Amino acid sequence: MKTVVAFQGIEGANSDLAIRQHFGDKVEVFPCRNLEDVFSAIRRNHDVVYGLLPVENVQAGAVTQAYELLMDSDFRIQADVVLHVRHALLAAPGSKVADLKRVRSHPHALAQCDRFLRRNSLVPVPWYDTAGSAKDLAEEPEKGTAAIASGLAGELYGLEVLESNIEDIEFNYTRFFLLGHDDPPMAEYNKTSIVFATRQRPAALYDCLGEFARRDINLTKIESRPRPNRPWEPVFYLDFEGHWQEPHVQEMMAGLLQRASFVKSLGSYPAVRTGMQLVGI
């Protein structure tokens with residue numbers, strides 16, 4: 001059975017790179033216009049097996065819409081995918097950096113390459129997407145204009161890589177969730193992601209987090225977001241090391257259910273270790 005993975009963007013985007021990193025080059029991708037369409041593709045398109053969802057970047061932080069969509073869906077996280085984001089300066093074949101005046105890309109990519117742009121006196125031009133800026137430039141070349149996107153986008157759309165790794169900060173990673181219908185098998189190293197809400201009383205969050213502390217469960221992420229339709233009642237997105245099938249995790253979840261007003265598991269999945277292993281990705 002062929003593996004088809006939906007993602008937001010067009011071919012050559014960072015999500016496309018993350019899919020190829022996880023599955024290899026034989027995977028088939030299903031580009032979507034927005035994140036909602038990724039969820040629709042998994043739900044309604046029988047050919048689409050998985051969807052890839054960007055959830056956070058080490059510089060830009062969490063992708064709020066991604067977590068909101070996760071909370072409202074019944075899909076399960078299949079894997080943790082971490083991509084080292086590298087930006088390239090792309091232009092029509094034969095171009096030189098000295099001849100450039102403008103550079104198009106997504107605002108986040110432009111901001112991440114700010115020092116390079118200022119050093120070369122290049123005017124940033126915001127575009128809707130990194131790979132999209134490359135594709136549009138290839139279809140309608142403009143003298144003195146380049147794009148910032150992945151090297152893969154340059155290959156796909158026939159642009160030349162004038163400079164590689166032009167981002168200001170080398171430690172630039174984006175984390176994705178691979179989504180599907182069923183729970184994946186337990187791996188050697190697992191994480192679990194949940195969302196919960198506390199009761200409206202003193203020390204409510206403290207009591208909930210105590211269920212993790214008492215069982216030596218390591219939290220790797222916690223972030224609060226406004227709860228839809230309930231002003232001033234936040235929900236907490238939390239990742240921790242462990243799998244729901246482990247007895248101490250089941251005990252913790254039972255305790256959390258007694259203390260929280262709402263708990264939803266988003267899945268237990270094979271995860272990428274942080275620290276030195278992340279640097280080696």
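Above this text sits the structure in question.
Procedures and definitions
Residues numbered from 1 in each chain as written. Predicted model: local features only at pLDDT ≥ 70, side-chain atom pairs only at ≥ 80, totals over all residues. Heavy atoms only, no water. Core = buried A, V, L, I, M, F, W, Y, C linked by side-chain atoms within 4.5 Å. Buried < 20%, exposed > 50% of the residue type's maximum accessible area, 1.4 Å probe, protein only. Helix = DSSP H or I, 4+ residues; strand = E, 2+ residues; numbered from the N terminus. Contact = heavy atoms within 4.5 Å. Patch = residues over 30% accessible without salt bridge, like charges linked within 9 Å, V, L, I, M, F, W, Y side chains within 5 Å. Areas by Shrake-Rupley, 256 points an atom, 1.4 Å probe, with all protein chains shown as cover. Salt bridge = Lys/Arg side-chain N within 4 Å of Asp/Glu carboxyl O.

Structural notes on the nonpolar core
- Within the largest apolar cluster, 28 residues are counted, with the highest numbers of intra-cluster contacts made by L53, L70, F177, L179 and Y237.
- Contributing elements (two or more residues each) for this core: β1 (4–8), α2 (35–44), β3 (50–57), α3 (64–72), β11 (173–180), β12 (190–198), β14 (230–241) and β15 (260–270).
- Contact partners of L70, with chain neighbours within four places excluded, come to F39, L53, F177, L179, K264 and L266.
- If you look at the next biggest cluster of nonpolar residues, it comprises 24 residues, including F7, I19, L83 and A149.

Re unusual backbone geometry
- Despite not being glycine, A203 has its phi angle at roughly 65 degrees, a positive value.
- Along the chain, the position of A203 falls in the loop between β12 and α8 (204–213).
- In this structure, D216 takes a positive phi of about 55 degrees despite not being glycine.
- Position of D216 relative to the elements: it lies in the loop between α8 and β13 (219–227).

Digging into α8
- Taken together, the buried positions of α8 are A204, D207, C208, G210, E211 and F212.
- Where α8 is buried, its residues meet β12, β13, β14, α9 (247–259) and β15.

Re a nonpolar patch on the surface
- Taken together, the side chains of V58, I169 and F171 make up a nonpolar region of the molecular surface, amounting to roughly 250 Å² of accessible area.
- Tracing the sequence through the fold places F171 in the loop between β10 (160–163) and β11.

Comments concerning the pattern of salt bridges
- The final tally for this structure, using the stated rule, is 19 salt bridges.
- Note that D80 is salt-bridged to R175, the shortest N-O span being 2.7 Å. In this pair, D80 sits in strand β5 (residues 76–84) while R175 sits in strand β11, placing the two residues 95 residues apart along the sequence.
- Among the salt bridges present, the one from E211 reaches R259, with a minimum N-O distance of 2.6 Å. Of this pair, E211 sits in helix α8 while R259 is found in helix α9, placing the two residues 48 residues apart along the sequence.
- The exposure class assigned to E211 is buried, which follows from its relative accessible area of 5%.
- A network of salt bridges, in which partner residues are shared, links E56, D80, R175, K191, K221, E223 and D239.

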